[in-house]
Amino acid sequence: MTAEPVSPTSPAPGATDRPAVRVALLGCGVVGSEVVRLLTTQASDLAARVGAPLELVGVAVRDVDAPRDPVVDRALLTADAEALVAKADVVVEVVGGIEPARGLLLRAIEHGAAVVTANKALLAEDGPTLYQAADAAAVDLYFEAAVAGAIPLVRPVRESLTGDRVHRVLGIVNGTTNYVLDRMATDGLELADAVAEAQALGYAEADPTADVEGFDAAAKAAILASLAFHTRVSIDDVDRQGIMQITADDVAWAARTGHVIKLLAIADRRTGEDGAEGVQVRVHPALVPLSHPLAGVRGAFNAVFVEADAAGELMFYGRGAGGAPTASAVLGDVVSAARHRVHGGRGPAESWYAALPVLPAESARTRYQVRLDVDDRPGVLAHVSAVLAEHGVSIEAVRQTPADAPAEPAVEADDAPGVARLVITTHEAPEAALAATVAAIRDLDAVREVVSVLRVEGA
Ligand SMILES: NC(=O)C1=CN([C@@H]2O[C@H](COP(=O)(O)OP(=O)(O)OC[C@H]3O[C@@H](n4cnc5c(N)ncnc54)[C@H](OP(=O)(O)O)[C@@H]3O)[C@@H](O)[C@H]2O)C=CC1
Ligand SMILES: N[C@@H](CC=O)C(=O)O
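This is a predicted model, so every value here is computed, not measured.

Draft legend 1. Representation of the UniProt feature "active site" (unreviewed entry) in the chain in the model. UniProt annotation of "active site" (unreviewed entry) refers to Lys220 when read in the numbering used here. For Lys220, the position within the fold is in helix H10 (residues 215-229). Not counting chain neighbours up to four residues away, the residues in contact with Lys220 comprise Lys120, Val147, Ala148, Val173 and Ala265.

Okay, structure coming up:
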């Protein structure tokens, strides 16, 4: 595509003669550059939808001399983001990270600007500071792009379902890890090779920690849980486990038992031990049955189920990352905020924070699939079953390794008994009981090794 310079006042033939809505852009990287492109190429459509032209009044970056695609008029570029936010009606923050993003957004709000951000890290760490500031200043705070990129998900949860009672949010909210797990499942790649491929394709960052360790998914889970349950959930409240321990062998075994492994974000409304309601939020890899719609979510796509009392089950699917898809969500927010500037009105406000407490990880209810190598002698299965029974965990299925298993049991000494691999799938039980069961099984004399423990979801 030819890169056309962006002029300070993009022509807007579809607009009325109302004064332009001034838009300041903070950040012009992967997402910001696509925001510039859309603001330019869609100028007349956007003006018609807003009822006034959108005027890009400045673009704050770190390096004003770096080459940009699309080319941005040098007169628009500035390294002084503080000064820029003071002269806009709508401030779009696509810088990322906690500071200076938080300070800039608060300054924009202080100046009476509406703000649009894609910054999940900031919202998950300190969203309430922004919500409260926006509420106090009676300005819009929109953040559709912060969760699941292009997929309209924040708005349905924040606005459309606000008359309903959500009881579960379950989904794939990180495209990089879904791509990695998908490549491991389809071509038998080891995790490191699949991550390297994701980096080469631009899905994963040079430092993929936020994706593979589950931080990115945990931030999105915290934001979704806060909105869905009308309470305050921060990233520190999320029980988080990434995909680093998943091996090609785990993925192959998942297929043998009719599953795929997905990194899931799960937020549940549930009753705690004291009988009081709360929310439990977690991110971890899980076995998903091949028959479940989430199993069919391939590549870097995202998909989220929301279950509400009256609405029933809703599914949202699409591209969760990338410059253009994310910019689409940002522009939707810009149009909403700009419309309010022109015609009056305000978007939703989160001033009701407090309600449901966050329950500890151990209060979650889930199912486990445990693979273990045991001595192949009479009575061993009875010992293992007894441990499960002692912890009140019911067995759904047990199977023994077929001869052509992809992973070989440990090599034993000449005089040792043979080794059998058991795959035990439990019924749903409290997380605490399941974890204690695995610890007790590991201590049995007949157990050579607990090879893997994975949760099973979506059955
Ligand atoms: N990339 C994606 O697919 C998605 C990203 N997001 C979110 O969008 C946001 C932006 O992500 P992305 O575009 O990928 O990030 P990039 O790293 O590509 O871009 C960041 C931009 O911010 C600028 N910047 C950095 N520090 C400052 C500063 N102190 N003052 C002014 N400008 C600064 C950089 O300037 P310079 O160009 O000079 O270095 C760059 O233009 C993040 O919050 C991210 O989580 C959300 C969904 C998907
Ligand atoms: N790193 C994220 C992209 C932005 O949200 C992902 O892989 O989904």
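Now that the structure has been shown, we can carry on.
Draft legend 2. Broad picture of the pairing of strand S9 (residues 259-271). Counting buried residues in S9 gives 11 out of 13 residues, a clear majority hidden from the surface. Pairing geometry for strand S7 (residues 166-172) and S9, over four bridges, is antiparallel. Across the sheet, residue Leu170 finds its bridge partner in S9, namely Ile266. Relative to strand S10 (residues 277-289), S9 is paired through 13 bridges, and the arrangement is antiparallel. Note that in S10 the partner of Asp268 across the bridge is Gln280. The hairpin turn running from S9 into S10, its antiparallel successor, is five residues long, and Gly275 in that turn takes a positive phi close to 85°.

Draft legend 3. Expanded view of the packing of helix H4 (residues 101-110) against helix H5 (residues 120-137). Two numbers describe how H4 lies on H5: the axes approach to 10 Å, and their chain directions differ by 10°. By the angle class used here, H4 and H5 are roughly parallel. Contacts from Ala101, Arg102, Leu105, Leu106, Ile109 and Glu110 in H4 reach Leu122, Asp126, Leu130, Ala133, Ala134 and Ala137 in H5. Grouping the constituent residues of the contact of H4 with H5 by class yields nine nonpolar, no polar and three charged.

Draft legend 4. Highlighting the packing of helix H7 (residues 175-187) against helix H8 (residues 191-200). Contact geometry for H7 and H8: axes closest at 9 Å, N-to-C directions at 130°. Put simply, H7 runs oblique to H8. Of the two elements, H7 crosses H8, and the hand of that crossing is right-handed. Taking contact as the criterion, the partners of Thr176, Tyr179, Val180, Arg183 and Met184 in H7 are, on H8, Leu191, Ala194, Val195, Glu197 and Ala198.

Draft legend 5. Highlighting unusual backbone geometry. A cis geometry characterises the amide bond from Asp69 onward to Pro70, with omega recorded as 5°. Note that Pro70 resides in the loop between strand S2 (54-60) and strand S3 (77-78). Glu99 connects to Pro100 through a cis peptide bond whose omega is 10°. Structurally, the position occupied by Pro100 is in the loop between strand S4 (90-93) and H4. With a phi angle near 65°, Ala148 is a residue other than glycine that sits in the positive phi range. Mapped onto the elements, Ala148 comes out in the loop between strand S6 (141-142) and helix H6 (154-160). Look at Ala148 and you get buried, because 33 C-beta atoms sit within 10 Å. Its identity as a non-glycine residue notwithstanding, His230 has a phi of 55°, on the positive side. Here His230 shows up in the loop between H10 and strand S8 (239-240).

Draft legend 6. Representation of helix H11 (residues 248-256) in the model. Considered for burial, the residues of H11 that qualify are Asp250, Val251, Trp253 and Ala254. Down the axis of H11, the smallest arc covering the buried residues is 160°, so these residues share one side. Tucked into the core, H11 has its buried residues touching H7, S9, S10, strand S13 (365-375) and strand S17 (447-456). Looking one or two residues beyond H11, the residue adopting positive phi is Gly258, at roughly 80°.

Each value, and the rule that gives it
Residues numbered from 1 in each chain as written. Chains lettered and ligands numbered in written order. Predicted model: local features only at pLDDT ≥ 70, side-chain atom pairs only at ≥ 80, totals over all residues. UniProt positions renumbered as here; feature names shortened; annotations may be inferred. Helix = DSSP H or I, 4+ residues; strand = E, 2+ residues; numbered from the N terminus. Contact = placed C-beta atoms within 7 Å. Buried ≥ 20, exposed ≤ 12 C-beta atoms within 10 Å, placed from the backbone. Pairing = 2+ DSSP bridges. Axes fitted to C-alpha atoms, helices over the stretch in contact; angles between N-to-C directions. Parallel < 35°, antiparallel > 145°, perpendicular 65-115°, else oblique. Nonpolar A, V, L, I, M, F, W, Y, C, P; charged D, E, K, R; others polar. Left-handed = near helix turned anticlockwise from the far one by under 90°. Arc of directions from axis to C-beta.

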